[in-house]
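# Per-entry structural report
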Amino acid sequence: MTIPGVDTTLPIVRELPAPGSYLCGLTYDGEFFWHSDQEAGEIYALAPDTGAVVRTLSCPRVRADLTVGGGALCQVGGRPKRILLVDPLSGAVLGEREVAPSSGRLCGVETSGVMMWMGLRGPSVVQLRDVETMTVRREFAVPGTPSGLTVAGDVVVYADFEGAMLRAVDGRDGTLLGEALVDGRPVGLTWDGALVWYADFAGRRLAAVRLRDLLATGTFAAS
């Protein structure tokens, strides 16, 4: 598939194998990559150097992306989708946060402290919500169809599974900063402090690209 006006494919600079076949969420906690698989109904802790499975947690309600916050894994799961708070040691569900209005739109999540970024589809928006109340604090309409989502400073990066793309927007005002094709079909996203990683559903792997390469595709890059 090609997107009119988009002809850049981001180079992959690292990749790791994924243990399952129905890739969903991806996040990094500074020690492990955490990756969820819907078909297996499991969440895996993966060694960041080799991709080896260090821990496996049962989570039959996995639906989409995940992140880490408040000492728990925050997994998009259930029907309708909500945030499941999962103990990273035992896999026990410690609680749930409803995302109103209840629907299946929620796909991407990333949290830092008391706020959580979300990517939703139908219509496609990026939202910033209060973690405790799930109240929307900021919302931008975005192009494409978000799947996974991550944040690097003021830059929100989201995956577009159908378009095989990554897009970056300014988290302050929603300005599109860059967009490019990637190899495979991206779902969950995470930022490790240096690289943007995506779970490639088609390739059954985790692949990393440079944020600067994505931002270099934006019109602002030439100014």
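Described below are features of the structure shown in this document. Since the model is a prediction, treat every value here as computed from it, not as a measurement. (Residues numbered from 1 in each chain as written. Predicted model: local features only at pLDDT ≥ 70, side-chain atom pairs only at ≥ 80, totals over all residues. Heavy atoms only, no water.)

Attention shifts here to the sheet that holds strand 12 (residues 125–130). Through backbone hydrogen bonds, the strands of a sheet pair up, either in parallel or in antiparallel fashion. Strand order across the open sheet formed by four strands is 10-11-12-13, with antiparallel pairing between neighbours. Strands at the two margins of the open sheet, each flanked by one partner only, are strand 10 (106–112) and strand 13 (136–141). With direction set aside, neighbouring strand axes in the sheet form an average angle of 15 degrees. Taken together, the six bridges between strand 10 and strand 11 (residues 115–120) define a ladder with antiparallel strand orientation. (Pairing = 2+ DSSP bridges. Helix = DSSP H or I, 4+ residues; strand = E, 2+ residues; numbered from the N terminus. Axes fitted to C-alpha atoms, helices over the stretch in contact; angles between N-to-C directions.)

By size, the foremost hydrophobic cluster in this structure holds 18 residues, and its most contacted members are Val157, Leu166, Leu211 and Leu214. Elements represented by at least two residues in this core include exactly strand 15 (155–160), strand 16 (165–170), strand 17 (176–181), strand 19 (196–200), strand 20 (205–209) and helix 1 (211–215). Not counting the four nearest positions on each side in its chain, Leu211 is found in contact with Ala152, Val155, Val157, Trp191 and Val196. Counting residues in hydrophobic clusters, the runner-up holds 15 residues, among them Ala64, Ala72, Val76 and Leu120. (Core = buried A, V, L, I, M, F, W, Y, C linked by side-chain atoms within 4.5 Å. Buried < 20%, exposed > 50% of the residue type's maximum accessible area, 1.4 Å probe, protein only. Contact = heavy atoms within 4.5 Å.)

Applying the stated criterion across every chain, the model contains zero disulfides. Considering cysteine sulfurs only, Cys107 is the nearest to Cys24, which forms no disulfide, with 9.9 Å between them. (Disulfide = S-S within 2.5 Å.)

Let us look at the side chain of Gln75. Tracing the backbone shows Gln75 in strand 7 (residues 72–77). In this structure the side chain of Gln75 is engaged in a polar contact, spanning 3.1 Å, whose partner is the side chain of Ser36. Polar contacts involving the side chain of Gln75 include one to the main-chain carbonyl oxygen of Asp65, which spans 3.2 Å. Not counting residues within four places of it along the chain, the set of residues in contact with Gln75 comprises Ser36, Ile43, Cys59, Val62, Arg63, Ala64, Asp65, Leu66, Arg82, Ile83, Leu84 and Val86. (Polar contact = N/O pair within 3.5 Å; in protein donor to acceptor, adjacent residues only side chain to side chain.)

By themselves, these observations are geometric and do not establish any function.
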